[in-house]
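Report on the structure
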Amino acid sequence: MKRNHSNLRYWRRLSQIACFLLFLFLFIKTDYSGTNELTYAVNILFRIDPFLAASASIANKTLIWLMWPALIFIGLTFFLGRFFCGWICPMGALLDSCHKLIPHAREGGITRLHTLKYYLLGFLLIAAFWGLPAAGYFDPFSILVRGLAISIYPAINVMTTSFFTFTYQQMPVWVNSITEPIYAFLRSTILPFRQNYFELAFISLFILLTIFMLERLERRFFCRNICPVGAFYAIISRFSLLRGKGGSKCGKCKNCMTVCRMGAIDENRNISPLDCNLCLECVDICPGSKISFGFQQKEVARPSFGISRRKFIGTLAIGTALPFFLDTRTMAKRPDPYLIRPPGALPEDEFLGRCVRCGECMKVCIGNGLQPTFLAAGLEGLFSPRLNARTGYCEYNCTLCGQVCPTGALTELTLSQKHAEKIGNVFFDKNRCLPYAKGIPCIVCEEHCPTPDKAIQFREAEVLNSNGEKVSVKQPFVVDERCVGCGICEAKCPLPGQSAVRVTSAGERRNPQNALPTQSLLY
Amino acid sequence: MNRRDFLKQVMLWSAGITTAIPSIQIVPELLAAEKPSPLVSHATGKDYYNLVAQVLEPLGTIGNFVKTGDNVVIKPNMAWDRNPAQAANTHPQVVKALVELCLDAGAKKIMVFDRTCNEERRCYVNSGIQEAMAAIKDSRLKFYHPDSRKFVPVNIERGKAVRKLEIYKDALEADTYINVPVAKHHSLSTLTLGLKNSMGVLGGKRGQMHHNLGQKLADLATVVRPKLTVIDATRILLRNGPQGGDIDDVKVLDSLVASADPVACDAYATTLFDLKPGDISSTVAAYKLGLGEMNLERMNIIKA
């Protein structure tokens with residue numbers, strides 16, 4: 001076999017590695033860095049995603065200008081085809097790099113499901129329109145960043161810290177003189193500042209791993225068959241100028257067909273621009289150098305998507321009908337009172353429509369307060385952020401979650417807006433609260449309450465303690481007008497287990513239905 | 001590897017491990033019989049940086065507390081995500097001046113840290129102390145966040161309300177421990193001063209300290225023994241403590257109070273709020289444990 005000396009694929013690999021490293025860098029930088037404002041555009045990966053832009057815009061019936069960078073990639077795809085999938089996408093780069101590590105279930109004879117992604121895209125967009133936003137469950141970046149932020153990154157920290165705790169506690173001094181500087185270096189560079197804990201850590205990991213397990217069936221299975229971003233780009237690529245051209249007169253080696261990771265080359269060596277991600281592997285491998293890429297729009301017929309009209313219309317019909325079932329659940333009438341949304345969150349429907357479940361806000365939350373929701377907000381609210389104040393509270397002077405949100409589901413707040421932003425209200429459980437229940441002095445909640453005029457106040461009261469002695473204690477209570485619902489009182493309550501003071505969504509600014517009872521007008 | 005080598009390795013490793021286990025014993029301090037009346041220095045001035053040297057002058061300057069080659073811990077209060085004007089944290093210039101005095105006195109290593117209440121990095125930055133420390137270009141200064149691995153369980157032999165606490169290793173092992181609290185209002189302990197500031201070296205669940213706080217702080221003071229306490233009363237928080245947030249609650253006093261006696265220092269600083277030493281339960285409890293003087297008339301108060 002004649003060796004071909006073309007090396008276009010090395011350029012592609014270089015681009016993939018560079019983009020992936022940039023992605024990791026921005027991921028690590030999605031953190032407080034000593035200033036109130038983030039210094040890097042850490043959410044850029046989501047803002048260049050045209051599928052998420054479309055879904056969020058359709059769900060909100062408004063153009064989300066925050067996502068304008070997606071237009072750049074839509075424009076580029078008209079020229080270059082699905083180059084994004086081959087050259088930029090960090091998920092694609094990861095799959096390509098792991099390809100050799102994942103054994104294939106079988107060779108050849110693979111089920112062709114490549115039309116599935118078009119149905120899925122159609123379903124997701126129409127469902128978003130009618131009120132079932134599910135884009136974040138299938139978007140590769142949402143899956144990737146969520147898996148990293150909620151599961152893998154904290155796990156890496158557990159592993160590293162346990163190792164260096166072991167060496168620190170169990171190893172002699174000379175070992176520590178080597179390991180401690182390494183640990184200090186890792187801490188100051190790639191490790192998170194603190195150990196974070198997340199709900200749904202395993203599910204997030206499992207979803208991410210599934211994409212890798214699917215590689216067993218077929219190379220880039222997710223990209224070929226499921227990825228809605230890929231589908232979006234595929235539709236545009238139908239009109240793209242840059243295309244691959246297979247040789248018409250060549251031998252029967254079919255190397256190009258075998259090597260194509262996207263299954264874009266058919267028996268007759270036609271390269272479908274719908275699937276080709278311009279990895280250029282075929283150009284390099286073709287023994288006769290028959291394959292070339294060029295701006296040759298007129299010579300190649302526009303390929304069909306291969307979808308059945310009947311099935312597609314059926315999919316749209318399901319996507320239209322399904323959202324109406326959502327309003328039959330109790331939560332449509334009575335939302336979960338402990339579902340506290342981050343500061344700056346839009347009203348619930350709009351919020352869920354825009355939220356792409358990317359996990360950026362949970363990654364950046366310096367108090368580890370934001371957690372992925374399980375079913376409290378319904379199936380359509382899975383992985384959306386909520387404040388779990390017992391795990392961590394909302395830091396009074398912090399505005400980071402609004403800064404990283406790529407779609408504006410969380411509005412970016414100024415510091416003074418943040419101080420006035422009410423996300424909930426606390427209630428005391430007098431059966432648990434020590435000064436009420438046991439006559440034991442405490443008021444840790446009052447100490448931590450961050451509003452300048454404290455929302456938690458106390459009254460001196462004479463009570464009997466459990467020994468029957470009359471003692472004077474300070475009993476806390478909340479001033480609703482001042483409470484912002486940050487939950488630091490719930491986080492710091494020294495009781496084991498459940499806190500004696502709990503944040504609820506009552507009184508949250510974004511929902512007038514949730515207003516607290518007052519005797520007079522507040523403002 | 002043969003059996004002999006394997007066993008030899010095992011022996012060597014386990015020998016290393018046993019010697020590496022930190023074992024810290026706090027020798028109970030002898031009850032001082034009849035001490036001479038403690039010196040308490042009170043200095044007033046607008047230049048907070050120079051005020052530190054001024055307040056230490058009557059106590060025999062920093063050289064009386066820090067010797068060449070000492071490992072020094074300076075423990076400011078930087079527990080809250082508040083700026084210097086809001087008076088919730090020790091003033092950065094006070095901390096900076098102390099660090100530089102210790103450096104000049106020939107300290108080998110100076111460690112500055114606090115276990116914060118709000119998010120650690122925000123507190124360090126917003127308190128202004130991070131910036132002040134960064135301005136000191138000396139590798140002997142270590143300004144860091146506590147490392148969760150380094151809290152050691154310590155038996156409080158003389159404790160009346162607590163028997164065991166987790167205390168930061170560096171604080172226990174320092175040759176000289178300098179406590180630099182900020183004086184401010186606190187709704188449970190009335191005021192937070194030196195003894196309360198020592199809570200910043202505690203690990204574990206500190207919230208539980210609040211049940212019988214005064215006695216527990218005194219118990220803690222039996223093992224965390226500062227050689228020097230410098231109370232920052234350059235500006236004091238009168239209400240809504242310990243974190244404040246409203247400038248209207250702040251009163252500017254331009255004062256520093258220093259003493260080698262932690263109880264006397266707290267007791268005297270109480271008077272700046274027009275309160276009596278006996279109003280602060282931790283001062284009373286510590287006095288009863290013999291940790292220092294609380295009667296103002298038995299102190300030697302010098303206005304520097």
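Residues numbered from 1 in each chain as written. Chains lettered and ligands numbered in written order. Predicted model: local features only at pLDDT ≥ 70, side-chain atom pairs only at ≥ 80, totals over all residues.

1. Looking at the interface of chain A and chain B
Put simply, the rule is: Throughout, a residue-residue contact means that the two C-beta atoms, derived from backbone geometry, are no farther apart than 7 Å. Numbered from the N terminus, helices here are DSSP runs of H or I no shorter than four residues, and strands are runs of E no shorter than two. Three residue categories are used. Nonpolar comprises Ala, Val, Leu, Ile, Met, Phe, Trp, Tyr, Cys and Pro, charged comprises Asp, Glu, Lys and Arg, and polar comprises the others, including Gly.
Contacts between the two partners involve 32 residues from chain A, matched on the other side by 25 residues from chain B. Where the side of chain A that touches chain B is concerned, the elements lending two or more residues are α9 (140-170) and α23 (444-448) of chain A. Residue contributions to the side of chain A that touches chain B peak at four residues, all from α23 of chain A. In terms of residue class, the side of chain A that touches chain B is made up of 19 nonpolar, six polar and seven charged.

2. A few points about the domain arrangement of chain A
All names here are of chain A. Rule in force here: Annotation comment: domain bounds sourced from an automatic or database domain assignment.
Partitioning chain A into domains gives domain 1 (8-144 + 204-299) and domain 2 (331-514). Contact with domain 1, which involves 28 residues of that partner, is made by 23 residues of domain 2. Counting residues per element, the ones that place at least two in the side of domain 1 that touches domain 2 are α2 (44-47), α3 (50-60), α8 (135-138) and α9. Per-element accounting of the side of domain 1 that touches domain 2 gives the leading share, four residues, to α3. Looking at the side of domain 1 that touches domain 2 residue by residue, the class counts come to 17 nonpolar, seven polar and four charged.

3. Notes on the nonpolar core
What counts is decided by this rule: Note on definitions: a nonpolar core is a set of buried residues drawn from Ala, Val, Leu, Ile, Met, Phe, Trp, Tyr and Cys, linked by C-beta atoms within 7 Å. Burial in this document is a count-based property: other C-beta atoms within 10 Å of a residue's C-beta are tallied, and the residue is buried at 20 or more, exposed at 12 or fewer, or partly exposed in between, with C-beta positions derived from the backbone.
Counting residues in hydrophobic clusters, the biggest one holds 214 residues, and the most contacted among them are Val-52, Ile-74, Leu-98, Val-230 and Leu-256 of chain B. Structurally, this core is a two-domain feature, drawing no fewer than three residues from each of domain 1 (8-144 + 204-299) and domain 2 (331-514) of chain A.

4. Comments concerning helix α2 (residues 48-56) of chain B
Residues and elements named next belong to chain B. Our working rule: Relevant arc is that of directions from the helix axis to the C-beta atoms, nothing else.
Restricting attention to buried positions, one finds in α2 the residues Tyr-48, Leu-51, Val-52, Val-55 and Leu-56. Projected down its long axis, α2 carries its buried residues within an arc of 125°, all on one side. Residues of α2 that are buried make contact with β1 (39-44), α3 (92-104), β10 (228-237) and β11 (250-259).

5. A word on the pairing of β10 of chain B
Residues and elements named next belong to chain B. Put simply, the rule is: Here, strands pair whenever DSSP counts at least two bridges between them.
Counting buried residues in β10 gives 10 out of 10 residues, a clear majority hidden from the surface. With two bridges connecting them, strand β7 (residues 176-180) and β10 associate as parallel partners. Looking at β10, one finds that Asn-179 is bridged to Thr-229. Of the pairings in the sheet, the one linking strand β8 (residues 182-186) to β10 comprises two bridges and is parallel in character. Its bridge partner being in β10, Val-182 is matched across the sheet by Asp-232. Here eight bridges tie β10 to β11, and the two strands are oriented antiparallel to one another. Across the sheet, the residue bridging to Asp-232 is Leu-256, located in β11.

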